[in-house]
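Structural characterization, general
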Amino acid sequence: MSEVLLNVEAHGVARITLNRPEVNNAYNGAMIDGLLDAQNALAARDDVRVIVLQGNGRHFQAGADLTWIDEVRRSSAQNNAEVSARTARAVDQLNHAPVPTVALVQGGCFGGGTGIVAACDCVIAADDALFSIAEVRWGLTGAIIVPQLNDAIGIRQVRRYALTGERFDAHEARRIGLVHEVVARDELEAAGTRMVASLLENAPEAIAQTKATILAHADGMLDAAALQALVDAHAAKRQSDEAVEGLASFKEKRAANWSPRVG
């Protein structure tokens with residue numbers, strides 16, 4: 001089973017579907033590679049006008065597969081850096097796609113999922129959606145998605161939600177700017193269809209130029225050195241003592257040793 005499905009529909013509407021529903025679409029190396037492959041395939045075409053990103057099953061994207069993260073942590077420093085680089089590239093390419101991107105979010109959208117959403121142009125959430133930027137709970141850092149989150153919700157909100165790791169609902173996500181519209185769960189697909197129809201009414205080259213101009217003045221417009229620094233920080237934190245403890249606490253279903261619940 002492919003972790004990422006790609007289908008190009010009528011009028012150049014490309015649909016990328018995250019497809020690990022059995023683990024709530026938590027991402028692993030295969031999903032990252034699948035997302036990169038899908039984006040590269042679309043970049044090679046000249047008929048794509050809109051990209052719709054969605055998750056198969058009950059949840060949009062539940063962040064990283066922490067069992068896989070622990071396996072990566074135990075590997076070499078070089079492999080850790082390569083994993084972080086591919087993850088950063090997948091989000092960065094989505095952020096800079098020349099065509100409009102629409103995310104349809106239901107259920108859980110945690111950790112890296114919030115970075116994916118922040119990298120999309122238009123975001124519609126079902127009223128059952130829940131969000132969190134939760135890496136710090138496991139002794140990790142979401143360094144590679146911070147620029148996109150800063151653009152989406154502003155530094156002030158990132159300083160709260162990336163430091164507390166707390167969950168917030170779809171209406172709070174709309175209030176702070178992470179999503180644009182909240183609809184009933186059974187209306188999510190229809191709302192996405194309306195958004196796509198609105199985008200298709202506009203001139204493709206004008207859209208591409210407008211998006212490029214917006215991003216040229218955004219925090220997410222990183223040069224190679226800045227992006228590499230985030231990748232390095234992301235990879236190094238995965239191999240830290242805190243990450244060892246955080247991932248162990250997840251696996252053992254207990255509070256981490258920094259929690260007031262311990263002792």
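Residues numbered from 1 in each chain as written. Predicted model: local features only at pLDDT ≥ 70, side-chain atom pairs only at ≥ 80, totals over all residues. Heavy atoms only, no water.

A few points about the overall build of the chain
From N to C terminus, the chain includes 10 helices and 9 strands. By the compact-globule yardstick of 18 Å for 263 residues, the chain fits well, its C-alpha radius of gyration being 18 Å. Based on the C-alpha atoms only, the size of the chain along its principal axes is roughly 60 × 40 × 40 Å. Here the chain displays about 12400 Å² of accessible surface, and carbon together with sulfur accounts for 52% of that area. The centroid of the 25 positive side-chain charges in the chain is displaced by 6 Å from the centroid of its 33 negative side-chain charges. (Helix = DSSP H or I, 4+ residues; strand = E, 2+ residues; numbered from the N terminus. Rg over C-alpha atoms; globule rule 2.2 N^0.38 Å. Areas by Shrake-Rupley, 256 points an atom, 1.4 Å probe, with all protein chains shown as cover. Lys, Arg positive; Asp, Glu negative; His and termini not counted. Charge placed at Lys NZ, Arg CZ, Asp CG, Glu CD.)

Describing the sheet that holds strand β3 (residues 50-55)
To summarise the sheet geometry, strands pair through backbone hydrogen bonds and adopt either a parallel or an antiparallel arrangement. With mixed pairing, 6 strands are arranged side by side in an open sheet as β1-β2-β3-β4-β6-β9. Each having just a single partner strand, β1 (4-8) and β9 (181-183) make up the two edges of the open sheet. Within the sheet, the average angular offset between the axes of one strand and its neighbour, ignoring direction, is 20°. Note: β1 against strand β2 (residues 13-18), 5 bridges, orientation antiparallel. Bridged to leucine 5 within β2 is threonine 17. Running over the sheet, helix α7 (residues 188-200) touches β2, β3, β4 (101-105), β6 (122-126) and β9 and is turned about 165° from β6. (Pairing = 2+ DSSP bridges. Axes fitted to C-alpha atoms, helices over the stretch in contact; angles between N-to-C directions. Contact = heavy atoms within 4.5 Å.)

Here we look at the packing of aromatic side chains
Following the criterion strictly, the structure yields 4 aromatic pairs and no others. Between tyrosine 27 and tryptophan 68, the ring centres sit 5.9 Å apart and the planes meet at 70°, which makes this aromatic pair edge-to-face. With tyrosine 27 in the loop between β2 and α1 (29-43) and tryptophan 68 in helix α2 (residues 66-73), the pair connects residues that are 41 residues apart, well separated along the chain. Grouping residues by exposure puts tyrosine 27 and tryptophan 68 together as buried. Three or more aromatic residues joined by ring pairs form one cluster here, namely Phe131, Tyr161 and Phe168. (Phe/Tyr/Trp six-rings, centres within 6.5 Å; stacked < 30°, edge-to-face > 60°. Buried < 20%, exposed > 50% of the residue type's maximum accessible area, 1.4 Å probe, protein only.)

Some thoughts on the packing of α2 against helix α3 (residues 77-95)
Packing of α2 against α3 leaves a shortest axis separation of 8 Å and a crossing angle of 140°. Classified by the interaxial angle, the pair formed by α2 and α3 is oblique. Packed against α2, whose contacting residues are Trp68, Val72 and Arg73, the element α3 presents Asn79, Asn80 and Val83 at the interface. Taken together, the residues that form the contact of α2 with α3 break down as 3 nonpolar, 2 polar and 1 charged. (Parallel < 35°, antiparallel > 145°, perpendicular 65-115°, else oblique. Nonpolar A, V, L, I, M, F, W, Y, C, P; charged D, E, K, R; others polar.)

A closer look at the environment of leucine 94
By the secondary structure assignment, leucine 94 is in helix α3. Sequence-wise, leucine 94 and aspartate 121 are 27 residues apart; in three dimensions their C-alpha atoms are separated by 9.5 Å. In this structure leucine 94 touches Gln39, Leu53, Thr101, Ile116, Ala119, Cys120 and Lys211, once residues within four positions along its chain are discounted.

Examining the packing of α2 against helix α10 (residues 241-252)
Interhelical geometry of α2 versus α10 gives an angle of 145° and a closest axis separation of 10 Å. Viewed along their axes, α2 and α10 form a crossing whose handedness is left-handed. Taking contact as the criterion, the partners of Leu66, Thr67, Ile69, Asp70 and Arg73 in α2 are, on α10, Ala243, Val244, Leu247 and Phe250. Of the residues contributing to the contact of α2 with α10, the split by class is 6 nonpolar, 1 polar and 2 charged. (Left-handed = near helix turned anticlockwise from the far one by under 90°.)

Brief notes about unusual backbone geometry
For histidine 11, which is not glycine, the phi torsion reads 65° and is therefore positive. Note on placement: histidine 11 falls in the loop between β1 and β2. Since its relative accessible area comes to 64%, histidine 11 is described here as exposed.

Observations concerning a negative patch on the surface
On the surface, Asp127, Asp128, Asp186 and Glu187 cluster together to form a negatively charged patch. Within the fold, aspartate 127 resides in the loop between β6 and β7 (130-132). (Patch = residues over 30% accessible without salt bridge, like charges linked within 9 Å, V, L, I, M, F, W, Y side chains within 5 Å. Salt bridge = Lys/Arg side-chain N within 4 Å of Asp/Glu carboxyl O.)

Section: the sheet that holds strand β8 (residues 168-169)
Strand order in this open sheet of 3 strands is β5-β7-β8, and the pairing throughout is mixed. Each end of this open sheet is capped by a strand with a single partner; those strands are β5 (108-110) and β8. Here 2 bridges tie β7 to β8, and the two strands are oriented antiparallel to one another. In the strand pairing of β8, leucine 130 is matched with aspartate 169.

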